[in-house]
Amino acid sequence: MAHQKQLTWTELRVGLFVLAAIVLLVVVIFYVTGGGALGPKYRLHTFLPEVDGLTVGAPVRVDGVDVGNVERIVIAPLKPGEKAAQGRSIEVFMRIQKNAQNYIRADSMAGLITEGLLGNRYVDIDRGFTGRVLQNDEEGPGHEEEALKAVV
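Residues numbered from 1 in each chain as written. Predicted model: local features only at pLDDT ≥ 70, side-chain atom pairs only at ≥ 80, totals over all residues. Heavy atoms only, no water.

Caption draft 1: Representation of the overall build of the protein in the model. Looking only at helices and strands, the protein features two helices and seven strands. Counting from the amino terminus, the protein carries its helices and strands in the arrangement α-β-β-β-β-β-β-β-α. Out of the 152 residues in the protein, the part that is buried amounts to 27%. Carbon and sulfur atoms provide 62% of the accessible area of the protein, an area that totals close to 10400 Å². (Helix = DSSP H or I, 4+ residues; strand = E, 2+ residues; numbered from the N terminus. Buried < 20%, exposed > 50% of the residue type's maximum accessible area, 1.4 Å probe, protein only. Areas by Shrake-Rupley, 256 points an atom, 1.4 Å probe, with all protein chains shown as cover.)

Caption draft 2: Here's a closer look at the nonpolar core. In this structure, Val92, Ile96 and Val123 are the most contacted members of the largest nonpolar core, which totals 21 residues. Mapped onto this core, the elements with two or more residues apiece are β1 (41–48), β2 (59–62), β3 (65–75), β4 (90–97), β5 (109–114) and β6 (121–126). Sequence-distant contacts of Val123, defined by excluding residues within four places in its chain, comprise Leu54, Pro59, Val60, Arg61, Val70, Val92, Met94, Ala110, Gly111 and Leu112. (Core = buried A, V, L, I, M, F, W, Y, C linked by side-chain atoms within 4.5 Å. Contact = heavy atoms within 4.5 Å.)

Caption draft 3: Structural view of the sheet that holds β1. Pairing within the open sheet is mixed, and its seven strands lie in the order β5-β6-β2-β3-β4-β1-β7. Each edge of the open sheet is held by one strand with a lone partner, namely β5 and β7 (138–139). Bridge count between β3 and β4: seven bridges; the pairing is antiparallel. Directly across from Val74, in β4, lies its bridge partner Glu91. (Pairing = 2+ DSSP bridges.)

Caption draft 4: The pattern of salt bridges, seen in detail. For the coordinates displayed, the defined rule picks out five salt bridges. Across the pair Arg121 and Glu50 runs a salt bridge, and its minimum N-O distance is 3.2 Å. Residue Arg121 is located in strand β6, and its partner Glu50 is located in the loop between β1 and β2; the two are separated by 71 residues in the primary sequence. With a relative accessible area of 21%, Glu50 lands in the partly exposed category. (Salt bridge = Lys/Arg side-chain N within 4 Å of Asp/Glu carboxyl O.)

Caption draft 5: The packing of aromatic side chains, seen in detail. According to the stated counting rule, one finds zero aromatic pairs in the structure shown. Directly above the ring of Tyr122 sits Arg61, whose terminal nitrogen or CZ lies 4.1 Å from the centroid. In this structure, Arg72 packs its charged tip against the face of Phe93, placed 4.0 Å from the ring centre. (Phe/Tyr/Trp six-rings, centres within 6.5 Å; stacked < 30°, edge-to-face > 60°. Lys NZ or Arg CZ within 6 Å of the ring centre and 35° of its normal.)

Caption draft 6: Molecular detail of the pairing of β6. Across the six residues of β6, five count as buried, placing the element largely inside the fold. Of the pairings in the sheet, the one linking β2 to β6 comprises three bridges and is parallel in character. From the neighbouring strand, Val62 faces β6, where its bridge partner is Ile125. Two elements, β5 and β6, share six bridges in a ladder whose sense is antiparallel.

What follows is the structure, encoded as structure tokens:
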């Protein structure tokens, strides 16, 4: 009977050790990646003409600095009696770090950028200076990527 208690205590110690190792691993991952996933966030959305190659989870950057991720991509719904607007066919929802909110204003412009020649695409927001600060769930203006379309 005493031998059975010893085995149970040994198993408990191993289990606690494994649990502590997992918690330590999670803390290290958040530390290495910047810990931005734990900070406060807010949502913005923009309309773009196309999003070929953009994926959910893709980075959102303000003038090249990571500030969030793409949360959702949907075909823009039409309201009854409304005509389709050119350049507003896809709606992109983004989760942005709250500490970057002052840089994204009504005069900011969101667009897609391709990393390298065949790289992944991400949303790049040009920093605004004179417009009002965009609040949670507001729309930011978007524009079409011109660089690669001009080459083709």
